Amino acid sequence: MRILLFTASALALTACASTAPAPADGAPVVWGPAARIARPAPPPHLPADLTPAGVRAADDHLALEEVNGAEAMAFVAGENERSLAALTGDPRYETFRRQAFDILSATDRIPGPSFLGEGIGNFWQDAANPKGIWRRTTLDSYRSANTRWETMLDVDALAKAEGRDWVWKGADCLAPDETRCLVNLSDGGKDAVVVREFDTVTGLWVEDGFILPEGKHRLEWLDRDTLLVATDFGSGTLTESGYPFIVKSLKRGQTLAQATEVYRGDIGDGGYGVSPSVYRNGAGEVLGVLISRPLDTFRSETWELVDGTPVKLNLPERVSIRGMMGEQLVVTLDEAWNHEDHVVPAGSLLAVVTAKLRPLGRDEVIVSNFDETVFTPTARQSVEDVAVMDDRIVATLYDNVRGRTAVFQNRGERGWPETSLPAPENAAVHLGSSSRESGRIFYSYEGFLTPSTLALADARAGTAETVRQAPARFDASTHVVEQFEATSSDGTKIPYFVVRPKALVMDGHAPTIIYGYGGFQVSKPPAYIPEMGRLWLENGGVYVNANIRGGGEFGPAWHQSVLKENRQLAFDDYAAVARDLQQRGITSPRRTGIYGRSNGGVLTSVAVTQHPELINAAVIESPLIDMLRYHELPAGASWIGEYGDPRIPEEAAYIARYSAYQQLRPETEYPRVYITTNTRDDRVHPGHARKFAARLGEQGHDHLYYEETSGGHSNDADPVANARRWARHYVYLSQQLVD
């Protein structure tokens with residue numbers, strides 16, 4: 001028998017609530033004698049046949065799904081002309097645009113730091129450099145009042161020289177010296193990028209460097225001359241979502257066709273594609289090489305390359321890998337785990353001895369006295385950001401959507417003693433770049449009315465210093481922040497924040513924006529949003545942040561309670577917040593607007609169709625809307641774990657009950673909504689927004705639709721376009737809620 005012994009000295013270092021069945025037309029279920037009362041006719045465009053073929057046959061706007069099709073672009077041109085006339089012709093537009101641009105291009109913004117070798121790197125955009133420059137300085141210089149920057153790469157100059165609409169998408173540099181970097185450039189802001197190798201010493205592209213064509217790559221440095229690559233290797237190498245399922249080793253000088261396969265998933269895999277990860281310690285030594293194989297949006301297998309051979313690790317399928325520390329793998333659980341004869345709750349932060357997760361030989365036993373539980377959250381707590389050092393873990397923890405930063409020291413069998421880093425109470429806290437070699441980490445904190453403060457912590461000493469303080473961009477003295485709870489349809493308490501004028505009279509007159517997302521376990525804590533404060537709060541508006549289910553504010557259960565057939569509960573949460581605000585006298589339906597983007601576009605479009613009586617405005621940005629065909633549009637199939645699969649009859653039935661594109665009715669009075677998207681969005685297809693606008697128009701509903709032609713899903717490729725974007729948003733909201 002072989003016994004592997006791991007000791008501390010050796011390594012000193014969401015309550016699910018099912019809803020009653022409802023008819024596909026979205027009308028309420030009626031039970032008992034009243035059931036004989038006729039229900040409203042189904043919406044005219046709700047297919048009787050919910051098979052993919054039936055849904056397609058019933059869709060009269062399929063031509064708008066052709067991204068650059070002639071009919072689609074003619075539609076976009078006509079809608080843009082009409083909407084720009086209504087928005088940019090407003091006397092407030094130019095003031096809003098100028099105010100937003102001044103904020104977005106201000107030279108006294110905090111330059112976001114990233115550890116780069118022995119110095120600090122930063123990507124910077126301003127009026128003179130709208131596409132941006134990648135630059136560096138020393139840590140001492142960054143700490144000083146007069147930082148001296150050295151430009152490494154000028155994206156504006158590169159785009160001009162090459163005649164391309166390059167958008168910076170980051171760089172991945174090889175530790176520990178970080179002089180060789182894989183630079184990601186997007187044409188127009190798409191998720192797909194071109195990759196080129198850059199030398200930070202010479203400031204030039206590497207002559208025999210790695211170059212990858214445009215694609216949604218998953219790349220990791222294995223060593224100076226080897227990459228692990230998951231990408232499009234040719235016909236039959238992408239899943240139906242358009243993501244890779246094969247990992248290959250690419251040597252310097254090789255073409256993709258010459259790369260050597262090291263791992264293969266399956267073409268039927270879901271999620272966002274197979275991803276390799278190489279974990280190193282502070283000295284740059286490789287601790288482990290892992291590969292995540294997604295089975296669907298949230299479930300995945302975790303494999304380790306052991307002597308070049310992939311070995312499946314005994315981990316739950318719903319798990320987030322956070323890093324490696326010596327012989328331990330640091331994870332957070334997104335489901336309860338039956339581990340070593342006891343159940344570890346979902347949401348827990350663990351550091352598990354990696355060898356215990358590998359398949360054991362017949363006579364092999366792993367013995368360890370490490371305490372593997374780092375932190376176990378309560379029902380109203382969550383673990384957000386995690387940074388793994390050589391002997392410590394730094395994490396942001398949230399309690400009722402209020403954050404703090406904790407440092408956990410690995411004491412082996414004696415557990416994980418916790419110390420806190422300085423931050424004010426009731427703030428949102430975010431981890432930034434970290435250096436395992438020095439044990440330092442940047443972190444920041446902010447609030448709705450409090451600009452961001454950037455601090456630099458020494459995790460080993462448990463100390464921190466303030467490095468930068470962002471200036472105020474609007475007058476916050478007139479407003480106050482409060483947190484309330486609304487009661488949803490199943491009795492669940494839904495927290496939300498209100499930012500309102502201190503002197504507000506509670507008579508329902510305040511113009512109010514309710515922001516919501518509610519999906520993919522993404523938390524929405526308090527945030528300082530300077531353009532919102534300047535263009536909205538300073539003009540007397542109220543801003544609401546709704547922490548509805550689907551997010552991660554209270555851990556995995558808060559998210560999972562509204563997956564698939566329970567999605568209606570997230571929509572009910574949002575409506576409950578609107579009603580609660582109106583019952584408190586903060587606002588009224590006439591003065592209530594909603595805003596959401598991406599998954600928040602599902603939320604806001606459903607709010608329009610299900611509860612038009614509660615709102616008078618909706619900004620629906622980069623949205624998913626046609627939920628019966630979302631899996632057909634790139635990269636929709638990767639989200640089936642969140643919403644369900646419309647190809648399965650029972651799942652199509654519950655999706656049809658809320659899919660806003662099919663639920664529109666010509667006889668219903670909807671507010672004039674503003675839908676906006678981007679032609680270059682290769683994450684959420686612009687067809688969703690186009691088709692919703694077209695159907696509103698054909699049914700006679702007033703609406704605005706604007707489609708930007710570059711910027712991608714994030715819609716923030718440069719401050720010039722972004723300023724115009726925010727000006728359009730707030731002109732529209734002012735027209736609907738203030739005028």
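Our subject is the structure listed above.
Predicted model, so just to flag it, every value in this text is computed and none were measured.

Below, the discussion takes up the sheet that holds strand S32 (residues 453-458). A sheet is described by the order of its strands in space; here four strands give the open sequence S30-S31-S32-S33, paired in antiparallel fashion. The sheet is open, and its two edges are formed by strand S30 (428-435) and strand S33 (463-469), each paired on a single side. On average, adjacent strands in this sheet sit at an angle of 25° to one another, irrespective of strand direction. Inspection of the sheet shows strand S31 (residues 440-446) paired to S32 by six bridges, in the antiparallel sense. Residue pairing across strands places arginine 440 opposite aspartate 458, the latter belonging to S32.

What follows is about helix H2 (residues 70-88). The end-to-end C-alpha distance of H2 is 26 Å, a good match for the 27 Å that 19 residues give at a rise of 1.5 Å each. Listed as buried for H2 are Ala72, Phe75, Val76, Glu79, Asn80, Ser83 and Leu87. Seen along its axis, H2 keeps its buried residues to an arc of 130°; they face one direction. In H2, those exposed residues whose orientation departs by more than 90 degrees from the buried face are Ala70, Ala74, Glu81 and Ala85. Contacts from the buried residues of H2 go to helix H3 (93-104), strand S40 (673-678), helix H13 (687-698), strand S41 (703-708) and helix H14 (719-737).

One pass over the structure, following the stated rule, counts one disulfide. With its sulfur 2.1 Å from that of its partner, cysteine 173 forms a disulfide with cysteine 181. Across the S-S bond linking cysteine 173 and cysteine 181, the dihedral sits near 105°, which makes this disulfide right-handed. By relative accessible area, cysteine 181 is classed as buried at 0%.

Turning next to the sheet that holds strand S3 (residues 119-124). As summarised here, the arrangement of the four strands in space is S2-S3-S4-S5, forming an open sheet in which the pairing is antiparallel. Among the strands making up the open sheet, the edge pair consists of strand S2 (114-116) and strand S5 (150-154). With strand direction ignored, the average angle separating the axes of adjacent strands in the sheet is 35°.

Before going further, it helps to spend a moment on the side chain of serine 588. Looking at the secondary structure, you find serine 588 in the loop between helix H8 (568-583) and strand S38 (592-597). At 2.8 Å, the side chain of serine 588 and the backbone oxygen of glycine 508 are in polar contact. With residues near it in sequence (within four places) discarded, serine 588 still touches Gly508 and Gln582.

Let us now look at unusual backbone geometry. In terms of backbone geometry, most residues other than glycine have negative phi values and most peptide bonds are trans. Residue proline 176 is reached from alanine 175 by a cis peptide bond, and omega for that bond is 5°. Looking at the secondary structure, you find proline 176 in the loop between strand S6 (166-173) and strand S7 (180-187). Along the chain, proline 634 connects to alanine 635 via a cis peptide bond; the corresponding omega equals -10°. Structurally, alanine 635 is set in the loop between strand S39 (617-621) and helix H10 (640-643). In this structure, aspartate 307 takes a positive phi of about 55° despite not being glycine. Mapped onto the elements of the fold, aspartate 307 is located in the loop between strand S17 (300-306) and strand S18 (309-312). Although it is not a glycine, phenylalanine 520 sits at a positive phi angle of roughly 60°. On the secondary structure map, phenylalanine 520 appears in the loop between strand S36 (512-515) and helix H6 (530-535). Residue classification places phenylalanine 520 among the buried residues on the basis of a relative accessible area of 17%.

Where H8 contacts helix H9 (residues 599-610), the axes come no closer than 10 Å and their chain directions differ by 70°. Comparing their axes, H9 and H8 come out roughly perpendicular. Of the residues in H9, those touching H8 at Gln568, Ala570, Phe571 and Tyr574 are Val602, Leu603, Thr604, Val606, Ala607 and Gln610. For the contact of H8 with H9, the per-class residue count stands at seven nonpolar, three polar and no charged.

Counted according to the given criterion, the structure contains 51 salt bridges. A salt bridge links aspartate 108 to arginine 473; the shortest N-O distance between them is 2.7 Å. Here aspartate 108, found in the loop between H3 and S2, pairs with arginine 473, found in the loop between S33 and strand S34 (479-487); they are 365 residues apart in sequence, far enough to count as distant. Note that glutamate 240 and arginine 647 form a salt bridge whose closest N and O atoms lie 3.0 Å from each other. Residue glutamate 240 is found in the loop between strand S12 (226-230) and strand S13 (246-251), and its partner arginine 647 is found in the loop between H10 and helix H11 (649-656); the two are separated by 407 residues along the sequence. Residue glutamate 240 is classed as exposed on the basis of its relative accessible area, which comes to 52%. Here arginine 647 falls in the partly exposed class, since its relative accessible area comes to 36%. A single network of salt bridges, built from pairs that share partners, joins Arg180, Glu197, Asp199, Asp208, Asp225 and Arg252.

Rules of the game
Residues numbered from 1 in each chain as written. Predicted model: local features only at pLDDT ≥ 70, side-chain atom pairs only at ≥ 80, totals over all residues. Heavy atoms only, no water. Pairing = 2+ DSSP bridges. Helix = DSSP H or I, 4+ residues; strand = E, 2+ residues; numbered from the N terminus. Axes fitted to C-alpha atoms, helices over the stretch in contact; angles between N-to-C directions. Expected span 1.5 Å × (residues − 1). Buried < 20%, exposed > 50% of the residue type's maximum accessible area, 1.4 Å probe, protein only. Arc of directions from axis to C-beta. Contact = heavy atoms within 4.5 Å. Disulfide = S-S within 2.5 Å. Polar contact = N/O pair within 3.5 Å; in protein donor to acceptor, adjacent residues only side chain to side chain. Parallel < 35°, antiparallel > 145°, perpendicular 65-115°, else oblique. Nonpolar A, V, L, I, M, F, W, Y, C, P; charged D, E, K, R; others polar. Salt bridge = Lys/Arg side-chain N within 4 Å of Asp/Glu carboxyl O.

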